Amino acid sequence: VSDYIKKEPQLRSQVNAWLDANEFEKLISEKSFSENNRKSLVSHLLNQYKIAGIEVEKQKPLVQQINSLNDANTFTVTTGHQLSLFGGTLFMAYKILTAIKLARDLKVKYPQHHFVPILWLASEDHDFEEIKGTFWQGKQLTWDLETHEKASGEIPTESISNIVKMLGASLEQMGGIGHNLKQWIEDAYL
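Notes on the structure follow. Because the structure is predicted, anything quoted here is derived from the model rather than measured. (Residues numbered from 1 in each chain as written. Predicted model: local features only at pLDDT ≥ 70, side-chain atom pairs only at ≥ 80, totals over all residues. Heavy atoms only, no water.)

A closer look at the overall build of the protein
Thought 1: Within the protein one finds eight helices and four strands.
Thought 2: Traced from its N-terminal end to its C-terminal end, the protein shows the element sequence α-α-α-α-β-α-β-α-β-β-α-α.
Thought 3: Taken over the C-alpha atoms alone, the protein extends approximately 50 × 45 × 40 Å along its principal axes.
Thought 4: Looking at the protein as a whole, 28% of its 190 residues qualify as buried. (Helix = DSSP H or I, 4+ residues; strand = E, 2+ residues; numbered from the N terminus. Buried < 20%, exposed > 50% of the residue type's maximum accessible area, 1.4 Å probe, protein only.)

In structure tokens:
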């Protein structure tokens, strides 16, 4: 990480571009995505939201961002994260915010282009052992389940109801936004 931050020359063969706004001009000029691929991407993204029960039509900014991917002058700023119980560490939030900030910064530097921040979750990962636990208020919460080598994104979340209810009760006791968080987590997992 230190070598990457310092832009050490020995890493150059492994780095397409440094995380530097000046390097993005090169990336923009190298990237192209066919019209058919763009249409397919937009269709798949809209379908994923539909399957998840999210009515994107009611989310005007979201629909605009997704539809902008049809334009040849639109690029994505993508970050990924391995699935983890209840979102995992603050690192995930940091990665999301960094992608959003970078998309905004690139729009200022390259106003002729549009940049859409994207979070990709590794839902096809089969390493359930890595994601089955998290810590809450000094206690480890563990999702004990035999997955039969299913991809993590295919595991029914109903099997985690006992942990969700325990976490919900703890959030409820906090008052204020704790009640909302409890409801959001229950809606998402149960």
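Back to the text.
Concerning the nonpolar core
Thought 1: By size, the foremost hydrophobic cluster in this structure holds twelve residues: Ala17, Phe24, Leu27, Ile28, Phe75, Val77, Ala99, Leu102, Ala103, Leu106, Tyr110 and Phe115.
Thought 2: The leading source of residues in this core is helix 5 (residues 90–109), at four residues.
Thought 3: When sequence neighbours within four positions are dropped, the list of residues in contact with Leu27 reads Asn16 and Ala17.
Thought 4: Formed by ten residues, the second largest nonpolar core is a distinct cluster that contains Phe128, Ile131, Ile155 and Ile163. (Core = buried A, V, L, I, M, F, W, Y, C linked by side-chain atoms within 4.5 Å. Contact = heavy atoms within 4.5 Å.)

Looking at the pattern of salt bridges
Thought 1: Using the criterion set out here, one finds six salt bridges in the structure.
Thought 2: Arg12 serves as the salt-bridge partner of Glu23, at 3.4 Å between the closest nitrogen and oxygen. Placement of Glu23 in the loop between helix 1 (2–5) and helix 2 (24–30) and of Arg12 in the loop between helix 1 and helix 2 is noted, with a sequence separation of eleven residues between them.
Thought 3: Across the pair Lys58 and Glu55 runs a salt bridge whose closest N-O atoms are separated by 3.0 Å. (Salt bridge = Lys/Arg side-chain N within 4 Å of Asp/Glu carboxyl O.)

What to know about unusual backbone geometry
Outside of glycine, negative phi angles account for most residues, and trans bonds account for most peptide bonds.
Thought 1: Look at Lys7: it is not a glycine, yet its phi comes out positive at around 55°.
Thought 2: Looking at the element boundaries, Lys7 is found in the loop between helix 1 and helix 2.
Thought 3: Positive phi outside glycine occurs at Gln137, with the angle close to 50°.
Thought 4: As for its position among the elements, Gln137 is in the loop between strand 3 (133–136) and strand 4 (139–142).
Thought 5: Given the relative accessible area of 54%, Gln137 is considered exposed.

Describing the environment of Ile131
Thought 1: Tracing the sequence through the fold places Ile131 in helix 6 (residues 128–131).
Thought 2: Given a relative accessible area of 6%, Ile131 falls into the buried group.
Thought 3: Separated by 45 residues in sequence, Ile131 and Phe86 have C-alpha atoms that sit 9.6 Å apart.
Thought 4: Among all residues touching Ile131, those that are not within four sequence positions of it are Gln82, Leu83, Ser84, Leu85 and Ser152.

Details of the packing of helix 7 (residues 161–174) against helix 8 (residues 177–189)
Thought 1: Look at helix 7 against helix 8: their axes get within 7 Å of each other, and the N-to-C directions meet at 165°. Judged by the inter-axis angle, helix 7 sits roughly antiparallel to helix 8. Taken as a pair, helix 7 and helix 8 cross one another with a handedness that is left-handed. In this structure, helix 7 contributes Val164, Leu167, Gly168, Leu171 and Glu172 to the contact, and helix 8 contributes Gly178, His179, Leu181, Lys182, Ile185, Glu186 and Tyr189. (Axes fitted to C-alpha atoms, helices over the stretch in contact; angles between N-to-C directions. Parallel < 35°, antiparallel > 145°, perpendicular 65-115°, else oblique. Left-handed = near helix turned anticlockwise from the far one by under 90°.)

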